Amino acid sequence: MTDDHRLPIGTVLAGHTVEQVLGQGGFGITYLVRDNADGGVAALKEFFPADDADRIDATTVRAKPARRDRFEMGYRAFLEEARTLNALPALRGLVRIRGAFEKHATVYALMDFIDGQPLDRATRILLSKHQSVPLPLIKDLTESMLGALQAIHRVGVLHRDIKPGNIMIRRDGQPILIDFGAARPMARAKNLASMFSRRYAAIEQFPAAKTGFRSQTEDGPAIDIFAFSTVLYELTSQSLPPDAEERLAKMRSTGQDPYLPVRDNLIRNGVMHDYPAALLDTIDKGCALLPTDRIASARDMARSLANVIDVASAEPQLDHYVVESQNGRAKSRFVPKQDIKQPTAAQKVEKRRNKSAHRSGVWRMIAIILVLAGGSVAYGLLTQ
């Protein structure tokens, strides 16, 4: 991608002025923008799949004719996921999506700007001062990321590109999961084109036409578990295992998975750190090649680490998915547990009384309909 594909500095979008490019990847470009009203800064992600689109003037995006279907599919997914993530409350470990809008024939997601550095860069600095990554930092990272993954999985979203470059370490040390450009709905992930980082990608993400692997189940949270487990493998043992495609090819040719258990990789790399057995065992389970052999969810991963991390800290503070009416349109949002008022004993009794009365009234109305209108008409009314 060349500079010509980037929005010009000074471009104004949704009341924000583009000041600089923060990063760019296969699915989009991220800009640092400033709010024209209050002067605050934010990050703006533009949907711009480099292989599928061109910029026809300074701002307008156009799909390449041969790639129009891919562009439109990705466009819809990008917008849908940004709106879904916008419904989540502020959560530890997860970048806050402030909103999404369509402009210049593409779509944008406005999100918090994270003042810090990516995990890969932070790790290099850390290892230059120490022989290994301290366990307290791994614990904090794991609690934050598993909480973030539980939250997005609960709304049916897969990140699909978890890697050190997509985990920011804020200046206060808080890890934040960012960059949802490759995110996809769970139920439709197989049908949507997606970029991924092969060193951290699960075998389900590689093109089946190339690998010959076809999962018997829908893509699910185990994809993100594989990627995050691979991140932990690298942090603890200081090198990566072979990628999933290479592992599958070796298994087919030799009958053995070339994956080296993380304990053995620690020894091979001369890492002198006594990490807990539960952590190392969990990393190996999360890195299982086949999805059916892998840890299935972020909650399961947290539970397997109960002796290592604070499981409660890895649980997102979400309780109810509330549907509200605003200007005649339904809007869904999550309500944090601490904001939900528990009913008093008297309120519970009154609620049961009202529910019982309502049920009796419904049955009386059904009886009247059956008598006056006849069974077939009543059934029609009840099923409308």
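What you see is a predicted model; the values in this text were computed from it and never measured.

Asker: So what exactly am I meant to see when it comes to the overall build of the chain here?
Answerer: Along the backbone of the chain there are 11 helices and 15 strands. A burial count over the chain gives 46% of its 384 residues as buried. Restricting to contacts in the chain with at least 6 residues of sequence separation, those with at least 24 account for 60%. Here the chain has roughly 19,800 Å² of accessible surface; of this, 52% comes from carbon and sulfur atoms.

Asker: Can you help me understand the sheet that holds strand 9 (residues 116-118) in this one?
Answerer: Sheets are built from strands paired through backbone hydrogen bonds, the pairs being either parallel or antiparallel. The antiparallel open sheet is built from three strands, whose spatial order is 9-11-12. Both outer strands of the open sheet, strand 9 and strand 12 (175-177), are each paired with one neighbouring strand and no more. Taken over all neighbouring pairs, the strand axes of this sheet differ in orientation by 30° on average, direction set aside. Pairing between strand 11 (residues 167-170) and strand 12: three bridges, direction antiparallel. Of the residues in strand 12, the one forming a bridge with M168 is I176. Helix 3 (residues 135-154) contacts strand 11 and strand 12 of the sheet and is inclined by roughly 25° relative to strand 12.

Asker: Can you help me understand the pairing of strand 11 in this one?
Answerer: Along any regular strand, the residues point their side chains to alternate faces of the sheet. Here strand 9 runs beside strand 11; their pairing, made up of three bridges, is antiparallel. Bridged to Q117 within strand 11 is I169. Following strand 11, the chain reverses through four residues before pairing antiparallel with strand 12; G173 in that reversal takes a positive phi of roughly 95°.

Asker: Help me understand the pattern of salt bridges, please; the structure alone is not making it clear to me.
Answerer: Note that side chains of opposite charge can pair when their charged atoms are close. A full pass over the atoms with the stated rule returns 22 salt bridges. Through salt bridges with shared partners, a single ionic network connects D52, R67 and R70.

Asker: I tried to follow the packing of helix 3 against helix 5 (residues 222-237) on my own but got confused; where do I start?
Answerer: Packed helices, taken two at a time, are described by the angle between their axes plus the distance between the axes. One way to put it is that helix 3 packs onto helix 5 with a least axis distance of 11 Å and a crossing angle of 170°. The pairing of helix 3 with helix 5 is recorded here as roughly antiparallel in orientation. Every residue of helix 5 that contacts helix 3 at I138, L141, T142, M145, L146, L149, I152 and H153 is listed here: D224, F228, L232, L235 and T236. In terms of residue class, the contact of helix 3 with helix 5 is made up of nine nonpolar, three polar and one charged.

Asker: Please explain the environment of D219 as it appears in this structure.
Answerer: Following the sequence through the fold, D219 ends up in the loop between helix 4 (208-211) and helix 5. On the basis of relative accessible area, D219 is assigned to the buried category, the value being 5%. Reaching out from D219, the side chain makes a polar contact with the side chain of R160 at a distance of 3.4 Å.

Asker: Help me understand the sheet that holds strand 8 (residues 106-111) in this model?
Answerer: Pairing is antiparallel in the open sheet, where six strands are placed in the order 1-2-3-4-8-7. If you trace the sheet from one side to the other, it starts and ends with strand 1 (12-13) and strand 7 (97-103), each paired once. Where strand 4 (residues 41-47) meets strand 8, four bridges bridge the pair, whose relative direction is antiparallel. Bridged to K45 within strand 8 is A109. Sitting on the sheet, helix 1 (residues 68-86) is in contact with strand 4, strand 7 and strand 8, with an inclination near 150° to strand 7.

Asker: Help me understand the nonpolar core in this model?
Answerer: Grouped burial of nonpolar side chains is what soluble globular proteins tend to show. In this structure, L146 and F228 are the most contacted members of the largest nonpolar core, which totals 83 residues. It is helix 3 that contributes the most residues to this core, nine residues altogether. Not counting the four nearest positions on each side in its chain, L146 is found in contact with F228, A298, M301, A302, L305, I309 and A314. In this structure, M186, F206, F226 and A244 belong to the second largest nonpolar core, which totals 12 residues.

Asker: Teacher, can you tell me more about helix 1 here?
Answerer: Side chains of residues three or four places apart in an α-helix project in the same direction, reflecting 3.6 residues per turn. Between its first and last C-alpha atoms helix 1 spans 27 Å; for 19 residues at 1.5 Å apiece the expected length is 27 Å, and the two agree. If you check which residues of helix 1 are buried, you get F71, G74, Y75, A77, F78, L79, E81, A82, T84 and L85.

Asker: Got a minute to help me understand the side chain of Q150 in this structure?
Answerer: Tracing the backbone through its elements, the reader meets Q150 in helix 3. Exposure remark for Q150: the relative accessible area of 7% places this residue in the buried category.

Asker: Please explain helix 3 as it appears in this structure.
Answerer: With 20 residues, helix 3 should reach 28 Å at 1.5 Å per residue; the first-to-last C-alpha distance of 28 Å fits that figure. Burial analysis of helix 3 places 15 of its 20 residues in the buried class, which makes it a mostly covered element. Residue G156 follows helix 3 closely and has a positive phi angle near 80°.

Reading the values: rules and limits
Residues numbered from 1 in each chain as written. Predicted model: local features only at pLDDT ≥ 70, side-chain atom pairs only at ≥ 80, totals over all residues. Heavy atoms only, no water. Helix = DSSP H or I, 4+ residues; strand = E, 2+ residues; numbered from the N terminus. Buried < 20%, exposed > 50% of the residue type's maximum accessible area, 1.4 Å probe, protein only. Contact = heavy atoms within 4.5 Å. Areas by Shrake-Rupley, 256 points an atom, 1.4 Å probe, with all protein chains shown as cover. Pairing = 2+ DSSP bridges. Axes fitted to C-alpha atoms, helices over the stretch in contact; angles between N-to-C directions. Salt bridge = Lys/Arg side-chain N within 4 Å of Asp/Glu carboxyl O. Parallel < 35°, antiparallel > 145°, perpendicular 65-115°, else oblique. Nonpolar A, V, L, I, M, F, W, Y, C, P; charged D, E, K, R; others polar. Polar contact = N/O pair within 3.5 Å; in protein donor to acceptor, adjacent residues only side chain to side chain. Core = buried A, V, L, I, M, F, W, Y, C linked by side-chain atoms within 4.5 Å. Expected span 1.5 Å × (residues − 1).

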